Amino acid sequence: MKDPIVIIGAGPAGLMAAEILSAAGKRVEIYDRMPSVARKFLMAGRGGLNLTHSEPFDRFATRYGKRAPLLKAALEAFTPKDLRTWADGLGAETFVGTSGRVFPKAMKASPLLRAWLKRLEAQGVVLHTRHEWRGWQTGALQFNDDVYVKPAATILALGGASWPKLGGDGSWADILADKGVEIAPFQPANVGFQTVWSAHFADKFAGEPLKNIAVKFAGREVKGELMLTRAGLEGGAIYAISAALRDAISKDGHADLVIDLRPDLSSDQAINKLKRASPKDSLSNRLRKALNLSPAAIALVHEKPGADFKTVTVRLSGAQGLDRAISSAGGIRFDALTSDFELKALPGVYAIGEMLDWEAPTGGYLLQGCFSTAVAAAQAISGR
């Protein structure tokens, strides 16, 4: 019997690579250190399982920032449209939400995952759980203390360094670095940021949302929502610019984020509305009646006063840690890879998904990147 193609990591990238290869008639075995598969995928699905995004492809590809040119070929190999067709084929019919994000109609990951695992089993994929990868010994992959496997090819799909309790802790980085693979330091991505609130504000408004706002930083503006936390801010709007904020804090020690509480109004319009409000009312009542601000937004104006009463500037002092991050930046540098995601220092070994040094905002871009790199690498191996 031929040696198997071994995939290490049973998250979405690893499972997708297994599907492509097994459908091509390859013998595939997956190894994962956790007792069950795709734990982060299931956790993400608790919020609705945002699979991808429906925006035009050219705009979609730009969401990967500096890595967009390096990922474009993989995204073309398995596009957002392809991902929707694939999910529909598993019975997880998709739809486009009002924000353009794509979800399965079941709004959770478990039905899709169950159907997916059945397909993989039918295609002959063998899954080994509770097998922790330790590196190589005399040309074989070592798992645990006494399991050795000689593969025909290896795909590493071990994830990044965020949400370590779900299996991705980045511990693989030292193994690869010892083999001469260039690794960029891990950093939190799609993460909340810290600031200093007054005790009263933190006690009363932590956990409250700021809806229909816009955040502005370094020439970028993103509309969406924020969540006030005891230590700072979280939410999709700030996640979208987390890389720029993180880099600015690293360089300058802080980043000044502008929050527009009524992005549909100009400053002059907001001031005129306030002027027309009754002068007998308190400022809080005028902000509520004239600008329709929520109690949390009004409190933020008092906490960080703005010149026009609709914008406030919040000084951010740091990002939350990797244990609170949705994803991570850093990992295997693209200079260490061929165009097929094969490691230059380790021929026959490929790396995909969040192991690579790229990042993207929430909105379906993270999962799409994992699926697309998996398909590109699997097709390259199958073609050989």
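Look up: the structure comes first, before these words.
Just so we're clear, the structure is a prediction, and the values are computed from it rather than from any experiment.

Visitor: Tell me about the sheet that holds strand β5 (residues 101-104), and name the residues and values.
Guide: Reading across from one edge, β3-β5-β4 is the order of the three strands in this open sheet, with antiparallel pairing throughout. The two strands at the open ends of the sheet, each matched to only one other strand, are β3 (52-53) and β4 (94-96). Sheet topology note: the β4/β5 ladder contains three bridges and is antiparallel. Among the inter-strand pairings, V96 is bridged to a residue of β5, identified as V102. Sheet strands touched by helix α5 (residues 80-89): β3, β4 and β5. Its angle to β4, the strand with the most contacts, is close to 140°.

Visitor: Describe the packing of helix α12 (residues 283-291) against helix α13 (residues 295-303), naming the residues involved and giving the relevant values.
Guide: Axis separation between α12 and α13 bottoms out at 10 Å; the angle between their running directions is 135°. On the basis of the axis angle, α12 is oblique to α13. Seen along the crossing, α12 lies across α13 with a hand that is right-handed. Of the residues in α13, those in contact with L283, S284, L287 and R288 of α12 are I298, V301 and H302. When grouped by side-chain class, the residues that make up the contact of α12 with α13 number four nonpolar, two polar and one charged.

Visitor: Can you explain the packing of aromatic side chains? Please cite residues and give values.
Guide: Applying the stated criterion across every chain yields a total of 15 aromatic pairs. Both rings, one in F60 and one in Y365, keep their centres 4.9 Å apart while their planes meet at 50°; by these two values the pair is tilted. You can see F60 sitting in helix α3 (residues 57-62) and its partner Y365 sitting in helix α14 (residues 365-383), a full 305 residues away along the chain. Like F60, the residue Y365 is buried in the burial classification. Taken together, the aromatic side chains of F41, F78, W86, W116 and F371 make up a single cluster linked through ring pairs.

Visitor: Hey, could you go over the sheet that holds strand β9 (residues 147-149) for me, with residue numbers and the actual values?
Guide: Hydrogen bonds between backbone groups are what pair the strands of a sheet, and the pairing can be parallel or antiparallel. Taken together, three strands build an open sheet; the order of strands is β7-β8-β9 and the sheet is antiparallel. The sheet is open, and its two borders are formed by β7 (133-137) and β9, each paired with just one other strand. Neighbour-to-neighbour, the strand axes of the sheet open up by a mean angle of 30°, direction not taken into account. Summarising the sheet, strand β8 (residues 140-143) and β9 pair through three bridges and their orientation is antiparallel. Residue pairing in the sheet places Q142 in a bridge with Y148 of β9.

What counts, and where the lines are drawn
- Residues numbered from 1 in each chain as written.
- Predicted model: local features only at pLDDT ≥ 70, side-chain atom pairs only at ≥ 80, totals over all residues.
- Heavy atoms only, no water.
- Pairing = 2+ DSSP bridges.
- Helix = DSSP H or I, 4+ residues; strand = E, 2+ residues; numbered from the N terminus.
- Contact = heavy atoms within 4.5 Å.
- Axes fitted to C-alpha atoms, helices over the stretch in contact; angles between N-to-C directions.
- Parallel < 35°, antiparallel > 145°, perpendicular 65-115°, else oblique.
- Left-handed = near helix turned anticlockwise from the far one by under 90°.
- Nonpolar A, V, L, I, M, F, W, Y, C, P; charged D, E, K, R; others polar.
- Phe/Tyr/Trp six-rings, centres within 6.5 Å; stacked < 30°, edge-to-face > 60°.
- Buried < 20%, exposed > 50% of the residue type's maximum accessible area, 1.4 Å probe, protein only.

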